[in-house]
Amino acid sequence: MSLLKVEKLSKEFGGVHAVEDLTFTVETGHIHSIIGPNGAGKTTLFNLITGVYTPSSGRVLFQDRLVSGMKPYELAALGMSRTFQNLQIFFNMQAIENVMVGHHLHLDRRFLPSLLRLPQVTRRDRECRDYCAGLMEFVGLGKYLDADAASMPYGALKRLEIARALAAQPKMLLLDEPAAGLNATESREIDEVIKKVASSGVTVVLVEHDMKMVMGISDQITALDYGRKLAEGTPAEVRANPEVVSAYLGTNG
Amino acid sequence: MRNLMKWGATAVVVAGCSTFAGQAMAADPIKIGSILSVTGPASFLGEPEKKTLEMYVERINKEGGVLGRKVELVVYDDGGAGEKASTFTKRLIESDKVDLLIGGSTTATTMAALPLAERNEVPFISLAGAVVIVEPVKKWVFKTPHTDKMAAEKVFSDMKKRGITKIGMISEDAGFGKSGRDQSLLVVKSYGIEVVADEIYSPKDPDVTAQLTKIKNAPGVQAVFNFGFGQGPAIVTKNFKQLGIAVPLYQSHGVASKDYIKLAGDATEGVRLPAAGLVVPDQLPATDPQKPVVTAFKKDYEAAFKSDVSTFAGHAYDGLQIALAAINRARSTDKAKVRDEIEKTSGYVGTGGLVSMSPTDHMGLSPSAFHMVEIRKGDWVLSN
Amino acid sequence: MNLMTARTGGLAALAIVVAVAPVGFSNSYFYDVGVNAMFNAIVCVGLNLLIGYAGQISLGHAGFFALGAYGSGILTERYGVPAIVALTLSAAVVGILAFAVARPILKLKGHYLAMATLGIGIIIHIVLKTEAGITGGPDGMSLGNFKMLGFTIKGDQMWYWVTGVLLIFAVWLSLNLIESPVGRALRAVHGSEVGAEVVGVDTSSYKVLVFVVSAVFASVVGSLFAHKNGFITPDIGSFFGSVHFVTMVVLGGMASVYGAVVGAVILTLLPQLLAVVEQYEAMILGVIMMGTMIFMPKGLLPSLMIKLKSREAGR
Amino acid sequence: MFAAFLQYLFSGLTSGAIYALAGLGFAIIYNASHVINFAQGEFIMIGGMATATMVAAGVPLYLAIPLAMVASMLVGVAMEKFAVEPARNADVVTIIIITIGASIFMRGAAQIIWDKEFHSLPAFSGETPIAVMGATLMPQSLWVIGVAAVVIVGLWYFFNRTMFGKAMLGTSHNRLAAQLVGVAVKKVLLASFALSALLGAVGGIVVTPITFTNYEAGIMLGLKGFSAAVLGGLGNGTGAIVGGLIVGIAEAMASGYLSSAYKDAIAFIIILFVLFFMPSGLFGKRGTDRV
């Protein structure tokens, strides 16, 4: 069964097609990678899927429901969650609070009970803190439980975003270059985390430059160039595709 | 916080109390408290008022004070803000323990201070214009300036004399102009005059030709009356000339200072306004009792500050003189006695006119206090 | 750091300061200044939710303050409405007004938002100034004591204690909100709007919510201020009033409830202290504002806390 | 009635050109540093006050003008050096408060150095109104409009044709990148304050014969200048000019056809509406947030 369907999606910025006439599907439970050279439109595609941008034309269906044009928070409520290539951490908060914001949708967030600090609000919040601490352990941030986000190193922040996205308990997790800027060890650790996430039943859509990682963990790959689909298939199929090799692997690898 | 407050309480503005060797002042000084709008949009009023009070308190102390006691003046700047005026009045009454209050440069600051004077039973002489300050009469509150209503009446009677029946009004949207406009609209009908255009400007507008054009085009306008002070009326006057409006322009007493003529230049030629005798001391007839008073005050002020005297400085002078005379008559600073004596002020010749107060009139200025003056070649000319 | 103790400790410290300060008050002028400081503090605690926590600037909150004041003034004086009802009605009207303008306005960012809120404040000020038939115009309007259930709040001392309790209550509410999921979402809006959106935070609604809450805080205090002062002028709603509130928040410390209180108290006392230096008042005030922000860019309280912490750590 | 319309338009152009000149100063500093300088109005006041008092003291106008410009520039430089630069990395709001503090300081200093009275300057080319189809315009208004035009052309040339101007623009787009290619960022910021203070002084000098000046004159000019700059789109010189003219003309038309009491409110409502539909002002950059 397909969880996400992208149909003839296009996005134009002042005459330039960042994404053009793109169609593909993501199967439930898969790790689906989007690859392509810089400027191929991968991040724009993520922004279109998650509602950060509105498409110029085309549709996005999530669980067979038309979702293009919906706001990111509405999509989050439907079960979509993501991380960012350029970190979008709440640097004014503690690390664990960052993750707790991720759990926002599952908390009592009525205004008056919050204002009056009613016991049910605080109790749920304490549970949430424990849950989020668990998530931080899960992504390997156990030692940052009491840290301020602003004081954490880059690699840790990357994971913090994953933990935050997971706290939303998504059906589909979109990761935008989770390994960018990480060293080989950190990269491998992220690799493990993604696999664990996938094995817990969450569908993962991945944008990544680290070919080793992509080829190693993906069930399905879509290759883009200049906003258009270049190739699609299993890692082996894509690797063998001559167009991909010349457009992407040829220049980059 | 506690220490800060203590410091604030003990620190007191003492202005103009000159102590010189050998002179032992008997008893405590007489304390006069003053809230004035020394900065802000009404500094036009507060600044000359403050200078005047300081100058005369210093002079009086040099001459031996009042009742053999030194006079001490405490001035706070309310910046023209009502809520600041209220706090500072409290400070004057409670912390500085003043015997008497002079001030409130504007109607708003006066109205903010007024309930405190009433509640604490401190005599209060206001320097602001509006009628509401003394009508209805409040036991402890007096005022020295002419009311805006009197100014309007003076202007309208001059218009009536000249057969003017339709006028355009233009006023500023700040306190003085707004209250002047409202009072004008109240009394204008009784002079058989109709206001056919009623325009507003902000005190800091760079250009008011739009408003004046509207007035110019209103049918049958025979004169234009501007209520405001500061640079506004000067801009109105210049724009008035620019548009070549052929009818007479009247200003209020708010512009009765040379600064206005300096700012608006040639455009002031022929402008008519009500003003106290203070601006035209030389032209007053020798029989006018005000003549020596205003001549002397003008000379003193201009010698001390190298700037032209304004009506507002005169208000402060009158307030101080009335207050000190009352203390003198009361032979003490007992607040109730001083209040009674202020109310008994009779035949005081001030810069604003002759003052005779009564239990029903806490201003006591006769309508004749105003003179109609016209500006000719950059100077005031008495026109009545 | 244990939040619970920091929280109860802070509230207790505030209560103690409020309770003990009057020891140094020798007359009602001190109480008056104290009340004004606490009124400003309550407004700033509310405004800090918007500016410090949600990261949205407003240069128009004096307008909401003035609307509360005039709402109470007009309803009690002209229509004989009981003071508490007038206060509530005014706050409701201000809340609705804030709600109505919030959505389009809060789409704007940074200086554009500053401009828009500035415009709202100025428009309110102009209306209050111009509609003299209802408001009394620039000369202001008088109003009577605050009466409720046969009880009259009268005199600076009584106002001090009432306001003190209200301040503690306001701080308590504000702390509650900040530490709740709602408050966390607000802070997240400050941190990264898109980051908050993608995990399910409806950022625009939260911005609207906090804008309305801070406006209601200002309105309620405006109503109380009007009764306490007994006289109000439209200038309480001027652009300067709004800048004054923002300065208090920023000077005391953004995103710090107690910082906002400290900022409000300092900037209320400062003019009283500086009154003695007469014409140098403005220059000194300017230097203090610049100096504080240059040397303590996070505001007084947070900067001091950081210093304290690092000293402890160094030990 | 066309004459009346034309007169409203002239009135609006006069005010608008003044607001535009004030707005340009905001635009320049914003361009180089993304700082909104709320003391911009005070630069204008300093220019006007310094010139007016010098002329009153007998200094010839042609000497007083450059002296006042230099004085204002020095103040601008000092402000950047001692108040803005030390807080470079602070929050936007923190810097706003610093510039507000600077404006309060400058007003306080002005009332001590000079006084609280209003001062004027003689109009540069006389006081004979120019009649155009039944409406009139003062020659000084043309001076203001002319100076605004010259300034905008000069700025365009500076930012697009000179090395230093380009460096300033570059700094605003990306401080780090500018630094990497060898732009002395500190110098650029200093220059931006000097330039906008200079511009403020020029504005103050040409408008003083119309509006007069005193120590508080900068408040209104600063406010209107800020409105003009935001309406036009921050950091855009042309935007500031257009924004200023729109505000001025809106006020005049509102006075003429609607209500003079509400003219300022009407101008602000127009600004609000523009911002609702164009959240970056009329000419502001309309970028999508990059995430």
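Conventions used here
- Residues numbered from 1 in each chain as written.
- Chains lettered and ligands numbered in written order.
- Predicted model: local features only at pLDDT ≥ 70, side-chain atom pairs only at ≥ 80, totals over all residues.
- Heavy atoms only, no water.
- UniProt positions renumbered as here; feature names shortened; annotations may be inferred.
- Domains from an automatic or database assignment.
- Contact = heavy atoms within 4.5 Å.
- Buried area = accessible area lost by both parts, 1.4 Å probe.
- Salt bridge = Lys/Arg side-chain N within 4 Å of Asp/Glu carboxyl O.
- Polar contact = N/O pair within 3.5 Å; in protein donor to acceptor, adjacent residues only side chain to side chain.
- Helix = DSSP H or I, 4+ residues; strand = E, 2+ residues; numbered from the N terminus.
- Nonpolar A, V, L, I, M, F, W, Y, C, P; charged D, E, K, R; others polar.
- Axes fitted to C-alpha atoms, helices over the stretch in contact; angles between N-to-C directions.
- Parallel < 35°, antiparallel > 145°, perpendicular 65-115°, else oblique.
- Buried < 20%, exposed > 50% of the residue type's maximum accessible area, 1.4 Å probe, protein only.
- Phe/Tyr/Trp six-rings, centres within 6.5 Å; stacked < 30°, edge-to-face > 60°.
- Lys NZ or Arg CZ within 6 Å of the ring centre and 35° of its normal.

Under an unreviewed UniProt entry, the name given to chain D is Branched chain amino acid ABC transporter permease, and the source organism is Paramagnetospirillum caucaseum. Quoted verbatim from the Sequence similarities (unreviewed entry) heading of the UniProt record, the comment on chain D is "Belongs to the binding-protein-dependent transport system permease family. LivHM subfamily."

Chain A is annotated in an unreviewed UniProt entry as ABC-type branched-chain amino acid transport system protein from Paramagnetospirillum caucaseum.

Caption draft 1: Just the domain arrangement of chain A, in detail. All names here are of chain A. Partitioning chain A into domains gives domain 1 (1–79 + 170–253) and domain 2 (92–168). Distance between the C-alpha centres of domain 1 and domain 2: 26 Å. Taken together, the contact pairs 17 residues of domain 1 with 11 residues of domain 2. Of the roughly 1,200 Å² buried between domain 1 and domain 2 on both sides combined, carbon and sulfur atoms contribute 72%. At the surface where domain 1 touches domain 2, the tally comes to one salt bridge. Ionic pairing is found between Arg159 and Glu189, a salt bridge with its closest N-O pair at 2.3 Å. At the junction of domain 1 with domain 2, the criterion picks out three residue pairs in polar contact (both at pLDDT 80 or more). Counting only elements with at least two residues in the side of domain 1 that touches domain 2, the list comes to α2 (72–78), β7 (172–176) and α7 (184–199). The leading source of residues in the side of domain 1 that touches domain 2 is α7, at six residues. In terms of residue class, the side of domain 1 that touches domain 2 is built from 11 nonpolar, one polar and five charged.

Caption draft 2: Representation of the packing of helix α3 (residues 95–102) of chain A against helix α5 (residues 119–138) of chain A in the model. Residues and elements named next belong to chain A. Axis separation between α3 and α5 bottoms out at 9 Å; the angle between their running directions is 110°. Taken together, the axis directions place α3 and α5 in an arrangement best described as roughly perpendicular. Of the residues in α5, those in contact with Ala95, Ile96, Val99 and Met100 of α3 are Asp125, Cys128, Arg129, Cys132, Ala133, Leu135 and Met136. Across the contact of α3 with α5, the residue classes break down as nine nonpolar, no polar and two charged.

Caption draft 3: Examining the UniProt feature "transmembrane region" (unreviewed entry) in chain D more closely. All names here are of chain D. Here, the residues flagged by UniProt with the feature "transmembrane region" (unreviewed entry) are residues 6–28, 92–114, 141–159, 188–210, 230–253 and 265–284. With 96% helix and 0% strand, residues 92–114 has its two end C-alpha atoms placed 32 Å apart. As a span, residues 230–253 carries 83% helix and 0% strand, and end to end its C-alpha atoms are 21 Å apart.

Caption draft 4: Examining the environment of Ala326(B) more closely. Residues and elements named next belong to chain B. Mapping Ala326 onto the fold places it in helix α11 (residues 311–330). Here Ala326 falls in the buried class, since its relative accessible area comes to 0%. Remark: the alpha-carbon pair of Ala326 and Lys337, spanning 11 residues in sequence, is separated by 8.5 Å. Among all residues touching Ala326, those that are not within four sequence positions of it are Val338, Glu341 and Ile342.

Caption draft 5: Structural detail: the interface of chain C and chain A. Contacts between the two partners involve 31 residues from chain C, matched on the other side by 36 residues from chain A. Interface area for chain C against chain A, summed over the two sides, is near 2,700 Å², with a carbon-plus-sulfur share of 65%. By the criterion of area lost to chain A, the three top residues of chain C are Arg184(C), Val198(C) and Val199(C), representing 25% of everything that side buries. Inspection of the chain C/chain A interface yields three salt bridges. Between Asp125(A) and Arg184(C) there is a salt bridge, and its shortest N-O distance comes to 2.9 Å. At the surface where chain C touches chain A, the tally comes to nine residue pairs in polar contact (both at pLDDT 80 or more). For the side of chain C that touches chain A, the elements supplying multiple residues, two or more each, are α1 (3–20), α7 (155–179), α8 (181–191), α9 (193–197) and α10 (203–229) of chain C.

Caption draft 6: A look at the packing of aromatic side chains. As enumerated under the stated definition, the model contains 38 aromatic pairs over all chains in all. An aromatic cluster is present here, built from Phe44(B), Phe156(B), Phe176(B), Tyr191(B), Phe225(B), Phe227(B), Phe229(B), Phe312(B) and Phe118(D) joined pairwise through their rings. Taking NZ or CZ as reference, Arg164(A) lies 4.6 Å from the ring centre of Phe90(A), over its face. The ring of Phe138(A) carries the charged tip of Lys196(A) above its face, separated from the ring centre by 4.5 Å.

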